[in-house]
Amino acid sequence: MPQSTSVSPPLPSDRPAVLISGASFAGLATAFWMTQLGYRVTVVETAAGLRRGGTPVDIEGETIQVLTRMGMIDAVRAKALPPRDFEFKDEADRTLGGLPTASSADEPATGRYEIHRDDLLDILFAAVDGAVEWRFGCSIVDLVNGPEGVSVTFSDGTAGDYALLFGCDGSRSNTRALAFGDGEASVFYMGGYFYLRVVAETGLLPANRSQIFSVPGRTAMLNGYDDRTDIALAFRSATQIDYDYRDKAQQRRLIHQHFDGLGWKVPEMLAHVDAEDDFYFDRASQIRMASWSTGRVALVGDAGYCVSPVAGFGGSMALIGAGRLAYALRRHPDDHGAAFRDYEAGLRPFVETVQEKAATTGMAMLFPADESELEARDRKISAGAIDL
Ligand SMILES: Cc1cc2nc3c(=O)[nH]c(=O)nc-3n(C[C@H](O)[C@H](O)[C@H](O)COP(=O)(O)OP(=O)(O)OC[C@H]3O[C@@H](n4cnc5c(N)ncnc54)[C@H](O)[C@@H]3O)c2cc1C
């Protein structure tokens, strides 16, 4: 797997060329489908290799059908994680209630399960490696979205012409900024910030267990697996905070400001915050665009319709989006405009439902903003009426 700037040899140029920006779930799945449709595919990824880390991806519903059509479902099921119990805790570590356990890898293919993010990336990468041209350590710096094609200039000074461009470059999408002139305009701020770090197994909780502890405006969460622990801390902020995303010390200070003095397992969690810089800190946000395409450019996954980590569905949505886009292009092989309209018309209602639920119920259940929201959540926990 390429881990540094690399351009593999060009493929025979007898098919239309398409460019994909971003090599994560949306980009790799789109690359898979575009090769299936007969396009010559180039993938440009700003990182030196696949970007690893993060919490597991939910595999359920249409995602299972998509992975089945991609011929990957057996490989995914072979890596499925054991079911994980989910417990809401109070300060004294008493269990207030829980969520039904996800179905296990042994259940029929209709069940729901999880897979580590890196395992799914590897499966997707293996399916397209050798069939696409990779440009790691590179990104698009300029593009002209013309009636006959998209002309692109890359950060290494080279240029290329493509029939179509797919922006699969995440919630801070470069393609969205360049093709739609839209950086921040589509960002829907959900009212909080989160910290995530994956560490080796901590002993803070048993394997295959998630635990969550909330006070008004602050939530601490642990996910335990056989070999690792996710440490997640989230706090509410009515307005956005002006911080430098490169300044890890500043982000650590923000976490301490909100979590110092809290009980439960928070002091042990904060020790991990202080230990290393390899953490993820970001605002909870969604991308809500008026349209997911313009001319010959279409967005897939977080770039066009990020549902936020609160939804727990970002990876699945990217796979579903790539599958729907491919289906639309298959139906309209000579009319990308009609295909892009079909893709969006079919998927948008589902995206909006997931986004709405995450922004309302999801936030209230996982990150209660104040005392009354916390009490309402705890009543639901006691009644066994939590639905996430
Ligand atoms: C390292 C990492 C860890 C994550 N961890 C979690 C998590 O713990 N929980 C969660 O809910 N979600 C997480 N996410 C987000 C989650 O992967 C996405 O919500 C979901 O998978 C949708 O995938 P995507 O391909 O649309 O976007 P992403 O997974 O965000 O991938 C976007 C890709 O585009 C690349 N890219 C960015 N800018 C450019 C550019 N200018 N040019 C070329 N390429 C570019 C990025 O490097 C990345 O590989 C994580 C994402 C990353 C990259």
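That block above? That's the structure.
The rules behind the values
- Each chain has its residues counted from 1, running along the sequence as written.
- In view of the model being predicted, local features appear only for residues whose pLDDT reaches at least 70, and side-chain atom pairs are presented and counted only at 80 or more, with totals across whole chains, interfaces and linings using the full set of residues.
- Excluded from the side-chain calculation are hydrogens and water; included are all heavy atoms of the structure.
- By this definition, two strands are paired if DSSP reports at least two bridges between them.
- Working definition: helices are DSSP H or I runs of at least four residues, strands are E runs of at least two. Numbering for both runs from the N terminus.
- Note on geometry: axes are C-alpha line fits, over the in-contact stretch for helices, and angles between N-to-C directions span 0 to 180 degrees.
- Should any heavy atoms of two residues lie within 4.5 Å, those residues are counted as being in contact.
- The criterion for a disulfide is a pair of cysteine sulfur atoms lying within 2.5 Å.
- Only one rule defines a salt bridge in this text: a Lys or Arg side-chain nitrogen within 4 Å of an Asp or Glu carboxyl oxygen.
- Each residue gets one of three labels from its accessible area relative to the maximum for its type: buried under 20%, exposed over 50%, partly exposed in between, using a 1.4 Å probe on protein chains only.
- Nearness is defined per residue: one heavy atom within 4 Å of the molecule or strand is enough.
- Polar contacts here mean pairs of N or O atoms no more than 3.5 Å apart (in protein, one a potential hydrogen donor and the other a potential acceptor; neighbouring residues in sequence count only if both atoms are side-chain atoms).
- We get accessible surface area from the Shrake-Rupley algorithm with a probe of 1.4 Å; when it comes to residues, only the shown protein chains can shield them.
- The directions considered for the arc are those from the helix axis to the C-beta atoms.

Participant: When you look at the sheet that holds strand 14 (residues 209–215) in this model, what are you seeing that I'm missing?
Facilitator: Ordered by their spatial adjacency, seven strands build an open sheet running 6-5-14-15-16-13-17, and the pairing between neighbours is mixed. Here the strands that pair on one side only, and so sit at the sheet edges, are strand 6 (95–99) and strand 17 (280–287). Direction aside, neighbouring strands of the sheet carry axes that sit 25 degrees apart on average. Two elements, strand 13 (residues 187–200) and strand 17, share seven bridges in a ladder whose sense is antiparallel. The residue bridging Y189 from the neighbouring strand is S285, located in strand 17. Together, strand 5 (85–89), strand 13, strand 14, strand 15 (218–224), strand 16 (228–236) and strand 17 form the strand contacts of helix 10 (residues 336–366), whose direction differs from that of strand 13 by roughly 60 degrees.

Participant: Looking at this structure, I do not really get the state of the cysteines. What am I missing?
Facilitator: Disulfides are covalent bonds that link the sulfur atoms of two cysteine residues. Summed over the entire model, instances satisfying the criterion amount to zero disulfides. With no disulfide partner, C306 has as its closest neighbouring cysteine sulfur the one in C168, 14 Å distant.

Participant: I'm lost on the pairing of strand 6 in this one. Help?
Facilitator: Within a regular strand, the side chains alternate between the two sheet faces. The sheet contact formed by strand 5 and strand 6 spans four bridges and is antiparallel. Paired with F86 across the bridge in strand 6 is L99. Where strand 5 folds back on strand 6, the antiparallel hairpin that results is connected by five residues, among which D93 adopts a positive phi of roughly 70 degrees.

Participant: Explanation requested: the pattern of salt bridges in the structure shown.
Facilitator: Any two side chains of opposite charge can pair, on the condition that their charged atoms come close. Inspection of the entire model under this criterion finds 21 salt bridges. In this structure, R324 engages E62 in a salt bridge whose closest nitrogen and oxygen atoms are separated by 2.7 Å. You can see R324 sitting in helix 9 (residues 314–331) and its partner E62 sitting in helix 2 (residues 62–69), a full 262 residues away along the chain. Overall, R324 belongs to the partly exposed group, its relative accessible area being 24%.

Participant: Quick question: what am I supposed to make of the site of the ligand here?
Facilitator: The full set close to the ligand counts 26 residues, and S24, F25, E45, T55 and D302 are the nearest of them. Contact distances for the ligand include 2.9 Å between an oxygen atom and a backbone N or O atom of A26. Here an oxygen atom of the ligand and a side-chain polar atom of D302 are 2.7 Å apart. In isolation the ligand has 920 Å² of accessible area, and contact with the protein removes 87% of it. Elements with a contribution of two residues or more to the shell around the ligand: helix 1 (25–36), strand 3 (40–45) and helix 9. Broken down by element, the residue count for the shell around the ligand peaks at three residues, all from helix 9.

Participant: Is there a simple way to think about helix 2 in this case?
Facilitator: Because each turn of an α-helix spans 3.6 residues, side chains separated by three or four positions end up pointing in the same direction. Every buried residue of helix 2 is accounted for by T63, I64, V66 and L67. Relative to the axis of helix 2, the buried residues are bounded by an arc of 160 degrees and lie together on one face. Remark: G71 follows helix 2 within two positions and exhibits a positive phi of approximately 75 degrees.

Participant: Help me understand the pairing of strand 15 in this model?
Facilitator: With respect to burial, strand 15 is a largely interior element, six of its seven residues being buried. Looking at chain direction, strand 14 and strand 15 are connected through seven bridges and run antiparallel. When the bridges of strand 15 are listed, V215 appears paired with R218. Turn length for the strand 14-strand 15 hairpin, with the two strands adjacent in sequence and antiparallel, is two residues, and the turn residue G217 shows positive phi of about 80 degrees. In this antiparallel pair of consecutive strands, strand 15 and strand 16, the connection spans three residues.

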